[in-house]
Amino acid sequence: MKKDTCTFINNRNNKSYEFKILDANRGPSVIDISSFYKKTGMFTFDVGYTSTASCKSAITFIDGEKGELRYRGIAIEELAENHSYLETCFLLLYGLLPTEKQLLSFDLELRHRSFIDENLKTLIGAFPDTAHPMSILSSSVTALASFYYEHLDIKNDEECFEMATRIIAKIPTLAAFAYRKSLGVPFIYPDIDKSFTENFLYMLRAYPGGKMKRTVDGNDEIRAIEIKALDTIFTLHADHEQNASTTTVRTVASTGAHPYVAISAGISALWGRAHGGANESVIAQLEMIGDVSNVDAFIERAKDPHDDFRLMGFGHRVYKNFDPRAKALKKLQDELKDELKLDSKLMQIAERIEEIALKDDYFVSRNLYPNIDFYSGVILTALRIERPMFTAIFVIGRTVGWITQLMEFRADPASKITRPRQLYVGK
Ligand code: ACO
């Protein structure tokens with residue numbers, strides 16, 4: 001029997017069918033079932049795609065059993081410790097870390113593209129003050145497709161990278177404007193003298209005229225340690241292979257829709273509590289628990305099969321071990337504990353939850369470890385970023401991943417419109 005095939009036997013009619021096995025460079029091999037229906041007259045059934053690879057990809061690799069994550073072959077720990085978010089963006093987009101000159105040119109390009117059309121400002125201004133930043137962000141990214149409609153019909157690589165850098169550069173500005181809109185304060189334009197991450201913090205915090213808050217000790221400048229912390233958060237969120245939002249982006253792109261509309265759909269998918277929206281829910285949950293003495297009762301609720309309460313920031317479809325991004329964030333949180341005066345009460349509650357859950361049989365037997373969202377909220381709170389912005393921060397970090405995945409999808413001649421089948425159980 002050939003070693004690169006596997007046989008499916010249908011016991012109903014005693015027929016057997018051969019399917020090719022395709023080997024991955026790392027991780028599990030896959031059975032190519034693209035001809036399954038043609039050969040057998042049946043579909044396969046896999047709710048939530050727990051066992052289905054939907055594409056070939058050379059961007060990000062995850063080993064959920066070991067708790068390993070790599071972008072373009074480089075371990076996430078190495079990137080978080082020794083490289084900036086912009087270097088990581090370049091790596092994802094171009095497949096290699098940049099030289100010094102390439103990095104400088106990429107950085108300048110993003111700075112120059114960070115401004116948004118004045119009409120977009122008007123659009124954001126038209127939202128009610130109560131609008132959630134994710135709603136504004138998703139809508140304004142859809143609107144970007146009207147301002148850069150030419151990106152629909154990209155003819156060469158150069159145009160493709162222009163489309164990618166444009167959205168990466170503008171997302172922080174849109175997110176900052178959405179935030180300021182929700183606070184009812186004037187928008188702050190990007191400052192091209194500032195780096196990507198510093199500029200974002202500046203657009204959140206500055207007063208009109210670009211001045212920083214004055215305190216009795218001087219000006220409340222943005223500290224290097226804050227920039228480093230947020231930059232690391234962006235790096236840790238930059239890509240995560242075929243998760244729900246990335247799959248959404250690929251699906252929308254598969255219809256030939258505008259790239260920015262596909263990114264907007266990814267933003268909407270990310271917003272849900274089971275995905276990126278969990279970071280906002282974690283802090284809401286810690287506040288609801290209120291005190292370390294209440295933790296045990298909430299743990300019992302999380303374990304109760306008749307209660308739909310779940311510990312937010314715990315569990316992951318792929319990681320059956322510690323999420324390596326969570327590990328990196330925990331390390332960052334410990335380093336920043338004193339420097340940023342992290343909220344000790346919330347941290348105490350979080351630490352107690354972690355301590356119990358890592359030992360409790362319910363969580364251990366189901367491989368429920370803290371995920372990235374469990375720690376990011378506490379650090380973002382320390383950076384004085386309000387809770388409704390947490391998922392928008394995730395968007396800023398993830399945009400490069402979405403756009404890289406979209407470019408990979410478009411470049412692959414084997415790509416097809418996404419069109420799953422169903423098991424009909426109706427009348
Ligand atoms: N608290 C309590 N129990 C949990 C939790 C949790 N956070 N997560 C899973 N479980 C339990 C389930 O009840 C189920 O138990 P059972 O086997 O007794 O029925 C078992 O663990 C498996 O859970 P599933 O929902 O089948 O796992 P799935 O892979 O479909 O879901 C998910 C993964 C959505 C992340 C889930 O763990 C969850 O809801 N976590 C909380 C939300 C969260 O933190 N999301 C962020 C994920 S990371 C990201 O998107 C960036």
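Residues numbered from 1 in each chain as written. Predicted model: local features only at pLDDT ≥ 70, side-chain atom pairs only at ≥ 80, totals over all residues. Heavy atoms only, no water.

Participant: Explain the nonpolar core to me, and be specific about the residues and the numbers.
Facilitator: Residues Phe200, Ile267, Leu286, Ile353, Ile385 and Ile403 are the most contacted members of the largest nonpolar core, which totals 116 residues. When residues of this core are assigned to domains, at least three map to each of domain 1 (5-69) and domain 2 (77-426). Excluding residues within four positions of it along the chain, Ile353 makes contact with Leu286, Ile289, Val295, Ile299, Leu311, Phe314 and Phe374. (Core = buried A, V, L, I, M, F, W, Y, C linked by side-chain atoms within 4.5 Å. Buried < 20%, exposed > 50% of the residue type's maximum accessible area, 1.4 Å probe, protein only. Domains from an automatic or database assignment. Contact = heavy atoms within 4.5 Å.)

Participant: Outline the pairing of strand β5 (residues 68-71), listing residues and values.
Facilitator: Regular strands show a simple pattern: their side chains alternate between the two faces of the sheet. Strand direction decides the pairing type here: strand β4 (residues 60-63) and β5, joined by 4 bridges, are antiparallel. Note on β5: the bridge partner recorded for Thr60 is Tyr71. Linkage of β4 to β5, two consecutive antiparallel strands, is achieved through a turn of 4 residues, within which Gly67 is found at a positive phi near 75°. Here β5 pairs with strand β6 (residues 74-75) via 2 bridges, running antiparallel. Within β6, the position partnered with Arg70 by the bridge is Ala75. Turn length for the β5-β6 hairpin, with the two strands adjacent in sequence and antiparallel, is 2 residues, and the turn residue Arg72 shows positive phi of about 50°. (Pairing = 2+ DSSP bridges. Helix = DSSP H or I, 4+ residues; strand = E, 2+ residues; numbered from the N terminus.)

Participant: Residues and numbers for the sheet that holds strand β2 (residues 15-22), please.
Facilitator: Read across the sheet, 3 strands follow the order β1-β2-β3 without closing on themselves; strand pairing throughout is antiparallel. The open sheet has two edge strands with one neighbour each: β1 (5-10) and β3 (30-31). Both β1 and β2 contribute to a ladder of 6 bridges, which runs antiparallel. Paired with Thr5 across the two strands is Lys20, which belongs to β2.

Participant: How would you explain the domain arrangement of the protein if you had to name every residue and give the values?
Facilitator: Often, the extent of an interface is quoted as the loss of accessible area upon association of its parts. On domain assignment, one finds that the protein holds domain 1 (5-69) and domain 2 (77-426). On a C-alpha basis, the centroid separation for the pair domain 1 and domain 2 is 31 Å. Carbon and sulfur atoms make up 60% of the surface buried where domain 1 meets domain 2, a total of about 1700 Å² over both sides. Linking domain 1 with domain 2 are 0 salt bridges. Broken down by secondary-structure element, the contributors of at least two residues to the side of domain 1 that touches domain 2 are β4 and β5. Of the residues that constitute the side of domain 1 that touches domain 2, the class distribution is 8 nonpolar, 7 polar and 4 charged. (Buried area = accessible area lost by both parts, 1.4 Å probe. Salt bridge = Lys/Arg side-chain N within 4 Å of Asp/Glu carboxyl O. Nonpolar A, V, L, I, M, F, W, Y, C, P; charged D, E, K, R; others polar.)

Participant: I'd like to hear about the site of the ligand, residue by residue, with values.
Facilitator: Residues in contact with the ligand amount to 20 residues; listed here are only the nearest, His275, Arg310, Leu311, Gly313 and Phe314. A distance of 2.9 Å is found between an oxygen atom of the ligand and a side-chain nitrogen or oxygen belonging to Arg310. One of the side-chain N or O atoms of Asn371 is found 2.9 Å from an oxygen atom in the ligand. (Near = heavy atom within 4 Å. Polar contact = N/O pair within 3.5 Å; in protein donor to acceptor, adjacent residues only side chain to side chain.)

Participant: Explain the environment of Lys345 residue by residue, including any values.
Facilitator: Looking at the element boundaries, Lys345 is found in helix α15 (residues 344-357). Residue classification places Lys345 among the partly exposed residues on the basis of a relative accessible area of 42%. Between the C-alpha atom of Lys345 and that of Asp291, which follows or precedes it by 54 residues, the distance is 7.4 Å. Discounting chain neighbours no more than four positions away, the residues touching Lys345 are Gly290 and Asp291.

Participant: Give me the lowdown on the UniProt feature "active site" (unreviewed entry) in the protein, citing residues and values where you can.
Facilitator: According to UniProt, the "active site" (unreviewed entry) feature falls on His316 and Asp373. For this annotated set, covering 58 residues, all C-alpha atoms fall within 10.6 Å of each other, a compact arrangement in space. With respect to the helices and strands, His316 occurs in the loop between α13 (295-303) and α14 (324-336). The class for His316 is partly exposed, based on a relative accessible area of 24%. For His316, the side chain forms a polar contact with the main-chain nitrogen of Tyr319, separated by 3.3 Å. The topology assignment puts Asp373 in helix α17 (residues 372-382). Contact partners of Asp373, with chain neighbours within four places excluded, come to His275, Gly276, Ala278, Asn279, Val282 and Phe394. (UniProt positions renumbered as here; feature names shortened; annotations may be inferred.)

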